[in-house]
Amino acid sequence: MKKHLFAWAAACMLAAGEAGAQNPIIQTRYTADPAACVYGDTLYLYTSVDNEEGEGYQKTFWQLYTTTDMVNWTDCGTVASLADFSWAGDNGAWAPHVIPRNGKWYMYAPIQMQGIGVLVGETPCGPWRDPLRRALINHDIRDIDPTAFVDDDGQAYLYWGNNGLWYVKLTRSMVDYNGEITEIPLTEETVGGYEEKYKDENGEEQTRLVGVDKYEEGPWVYKRREKYYLVYAAGGIPEHLSYSMSDSPTGPWKYQGRIMDSPDGSFTTHPSVVDFKGRSYIFYHNGKLKGGSGFRRSVCVEQFEYNADGTIPHIPMTKKGVYEPVAHVSPYVRQEAETIALSVGVRTAQDDRRGVYLDSLDMGDYVKVKAVDFGEDGARSVRLCVRQGVNDGFIQVCIDSQSNVVATIDVGGTQDWTELAADLDEVVCGVHDIYFRFRATDTSKRNELMQFDYWYFLPQTVSGVESVKAEGRTGVAKPGLYDLSGRRVVKPGRGIYIKDGKKYVGQPF
Ligand code: FUB
């Protein structure tokens, strides 16, 4: 899809409901098949990526987004692709699942029609190794949608399957399994029903549903308070989400009912359920980003509460999504421009030098960052790391609404990445949303105005408003270690931190 069509589409979507809309949570590209992983202070969200034009799936890579507050999502870029597998073809990067274990990260990745591979990484972002140089699972063309689960006794399991559900017990290495592949029976008892073939009065073969529901694909297995949950895409096309429960990871499973109805604009859906910072969330995808469809899907999330007996209620899909942050963003440490609550017209790019950044920003594009805590003393100036595009432009920094401009920064003339600074028109204290608005200097030259890598504010107590050339990714290194929300960390635990302006993986895993 051309960038400008995307911008127009996103603008239309957000104009309709910007005030209350957090879903879909990623607006910079089409994302599907959410796989959430909570690790330390951070929720890692891996997705497959849908093509921007045409019908059918052209899926070649996987993307990672992280959050520490459930409302701002940091685009960590493309973290793995078919090129990481020596044996993969040039299409088929379907629904992944990633989990940390033994000080490493394991990505279970289905390559459509070629089986399920496993990659091993040193960090949540890779780089990855393909230790087997072949598929881990390749016994049926329905070998897709893997989900890994490690039980309290240390035994790890891998479940998967489309219109068939299987599991293996993984070895401690996580890249091999013990024993046979076991098939989970798909019956009225286990998943609410199944599809049966029969001959109609003309002798034609037909299918009919026996029971009230049917397992389709996308299994997601987890344990909560001694109960095991199997959540899955159900019911044929269009899919909805249903679930089963068990007292054991190997079953028997007992069908519990429907969790979520079929999403708008997509014939598939795909679940991921996690607890994070004391709240429960369910991820899924729909086709609601403008220009979306069953082949151009977008990840969404809803918060929910389990019933007292541990069962899952019916969860409505909302446009509002998760709106209340569970943490605040610090403005006083480097924040990536690609940390976004909401954006219009914005695309991301990535390269080895800068990592991920906002690219080819046009007149009228904007980014919103929610719940930034300026503290009691407040901020007096802002710094942005930017680079001029094809045409000249400037950035307006706004507080709480796009009409409340507190600083304007001219980006024209920055041939290379440069850190620009401006005093604020007023001291900003307390918790606020920030908007970065991208504007053209000459309104007849509205496109490709700039690229934007990171920002931070200076507290009132610090002076100095000058521009500096930002070298590499360390231009604003501040001493110490910070989490992704910008909070100073003394003892790093599990997770990703910022150290010397670069991403740093905390130890131990
Ligand atoms: O993204 C391709 C496929 O669509 C996934 O493997 C299924 O779960 C469905 O979401």
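Rules used in this analysis
- Residues numbered from 1 in each chain as written.
- Predicted model: local features only at pLDDT ≥ 70, side-chain atom pairs only at ≥ 80, totals over all residues.
- Heavy atoms only, no water.
- Near = heavy atom within 4 Å.
- Polar contact = N/O pair within 3.5 Å; in protein donor to acceptor, adjacent residues only side chain to side chain.
- Areas by Shrake-Rupley, 256 points an atom, 1.4 Å probe, with all protein chains shown as cover.
- Nonpolar A, V, L, I, M, F, W, Y, C, P; charged D, E, K, R; others polar.
- 1 Å grid on protein atoms, 1.4 Å probe; cavity = no way out; pocket = protein on both sides within 12 Å on 5 of 7 lines; lining within 4 Å.
- Points joined across faces, edges and corners; volume = space filled by probe spheres on them.
- Helix = DSSP H or I, 4+ residues; strand = E, 2+ residues; numbered from the N terminus.
- Buried < 20%, exposed > 50% of the residue type's maximum accessible area, 1.4 Å probe, protein only.
- Contact = heavy atoms within 4.5 Å.
- UniProt positions renumbered as here; feature names shortened; annotations may be inferred.
- Pairing = 2+ DSSP bridges.
- Axes fitted to C-alpha atoms, helices over the stretch in contact; angles between N-to-C directions.
- Phe/Tyr/Trp six-rings, centres within 6.5 Å; stacked < 30°, edge-to-face > 60°.
- Lys NZ or Arg CZ within 6 Å of the ring centre and 35° of its normal.
- Lys, Arg positive; Asp, Glu negative; His and termini not counted.
- Salt bridge = Lys/Arg side-chain N within 4 Å of Asp/Glu carboxyl O.

A. Molecular detail of the site of the ligand. Around the ligand, the neighbouring residues are D33, Y57, K59, W94, A95, I144, D145, E217, T268, H270, H285 and R297. Here an oxygen atom of the ligand and a side-chain polar atom of D33 are 2.5 Å apart. The separation between an oxygen atom of the ligand and a polar side-chain atom of H270 is 2.8 Å. Taken by itself the ligand offers 280 Å² of open surface, and the protein chains cover 98% of this. When the residues that make up the shell around the ligand are grouped by side-chain class, the tally is four nonpolar, three polar and five charged.

B. Representation of the layout of surface pockets in the model. In this structure, the largest pocket encloses a volume near 690 Å³. Surrounding the largest pocket, 28 residues form its lining, V38, I99, F149, V150 and Y222 being those nearest its centre. Of the residues in the lining of the largest pocket, the class split is 17 nonpolar, three polar and eight charged.

C. The arrangement of the environment of Y198 in detail. The residue Y198 is located in strand β13 (residues 193-199) in this model. By relative accessible area, Y198 is classed as partly exposed at 27%. Taking the C-alpha atoms as reference, Y198 lies 7.6 Å from R208; in sequence the two are ten residues apart. Beyond its immediate stretch of four places on either side in the chain, Y198 contacts E204, E205, Q206, T207 and R208.

D. Region of interest: the UniProt feature "active site" (unreviewed entry) in the protein chain. Look at the UniProt record and you will see "active site" (unreviewed entry) annotated at D33 and E217. These annotated residues cover 185 residues of sequence, but their C-alpha atoms sit close together, with the largest distance between any two at 11.1 Å. The residues touching D33, leaving out its near neighbours within four places in the chain, are Y46, T47, S48, K59, W94, A95, P96, H270, H285 and R297. Relative to the helices and strands, E217 resides in strand β15 (residues 215-224). Excluding its chain neighbours within four sequence positions, the residues that come into contact with E217 are I144, D145, G161, N162, Y232, A233, E239 and T268. A polar contact is formed between the side chain of E217 and the side chain of N162, at a distance of 3.0 Å.

E. Broad picture of the sheet that holds strand β16 (residues 227-234). The sheet built from four strands is open, its strands ordered β15-β16-β17-β18 with antiparallel pairing. Either end of the sheet is taken by a strand with one partner, and the two such strands are β15 and β18 (254-260). Averaged over neighbouring strand pairs, the angle between their axes works out to 25° when direction is ignored. Pairing analysis gives seven bridges linking β16 to strand β17 (residues 240-246), with the strands arranged antiparallel. Bridge pairing in β17 links Y228 to S246.

F. Quick look at unusual backbone geometry. The step from N23 to P24 runs through a cis peptide bond, and the omega angle for that step is -10°. One can find P24 in the loop between α1 (3-17) and β1 (31-39). The phi angle at D33 is positive, at roughly 55°, despite the residue not being glycine. Position of D33 relative to the elements: it lies in strand β1. Of note, the phi angle at D145 is positive, near 55°, even though the residue is not glycine. Its location among the elements puts D145 in the loop between β8 (128-129) and β9 (147-150).

G. Quick peek at the packing of aromatic side chains. For the structure shown, the criterion picks out 27 aromatic pairs. Ring geometry for F304 against Y306: centres 4.9 Å apart, planes inclined by 55°, an arrangement best described as tilted. The pair F304 / Y306 is uniform in exposure class, with both members buried. Ring geometry for F374 and F457: centres 5.0 Å apart, planes at 90°, overall edge-to-face. Taken together, the positions of F374 in the loop between β27 (366-373) and β28 (379-388) and F457 in strand β33 (residues 450-459) put the pair 83 residues apart, joining distant regions of the chain. Each member of the pair, F374 as well as F457, is classed as buried. For the cation-ring pair, K59 lies above Y57, with the distance from its terminal atom to the ring centre recorded as 5.5 Å. Over the ring of Y306 we find R224, and its NZ or CZ is 3.7 Å from the ring centre.

H. Seen up close, the environment of R446. For R446, the position within the fold is in the loop between β32 (431-440) and β33. For the pair R446 and V390, spaced 56 residues apart in the sequence, the C-alpha separation amounts to 9.7 Å. Those residues in contact with R446, other than ones at most four positions away along the chain, are D362, M363 and A440.

I. The side chain of N162, seen in detail. With respect to the helices, strands and loops of the structure, N162 is situated in the loop between β10 (156-160) and β11 (166-170). With near-sequence residues (within four places) excluded, N162 lies in contact with R142, I144, E216 and E217.

J. Inspection of the side chain of D130 at higher detail. Here D130 lies in the loop between β8 and β9. Buried and unpaired, D130 has no salt bridge, with R133 as the nearest side chain of opposite charge at 5.3 Å. Sequence-distant contacts of D130, defined by excluding residues within four places in its chain, comprise D84, F85, S86, W87, V118 and L119.

K. Examining the pairing of strand β2 (residues 42-49) more closely. Of all the eight residues making up β2, eight are buried; the element is thus mostly covered by neighbouring parts of the structure. Here β2 shows two buried faces, one formed by T42, Y44, Y46 and S48 and the other by L43, L45, T47 and V49. Two elements, β1 and β2, share seven bridges in a ladder whose sense is antiparallel. Bridging from a neighbouring strand, V38 pairs with L43 of β2. Hairpin connection from β1 to β2: two residues lie between these consecutive antiparallel strands, with G40 at a positive phi of about 60°. Bridging between β2 and strand β3 (residues 61-67) involves six bridges; their strand directions are antiparallel.

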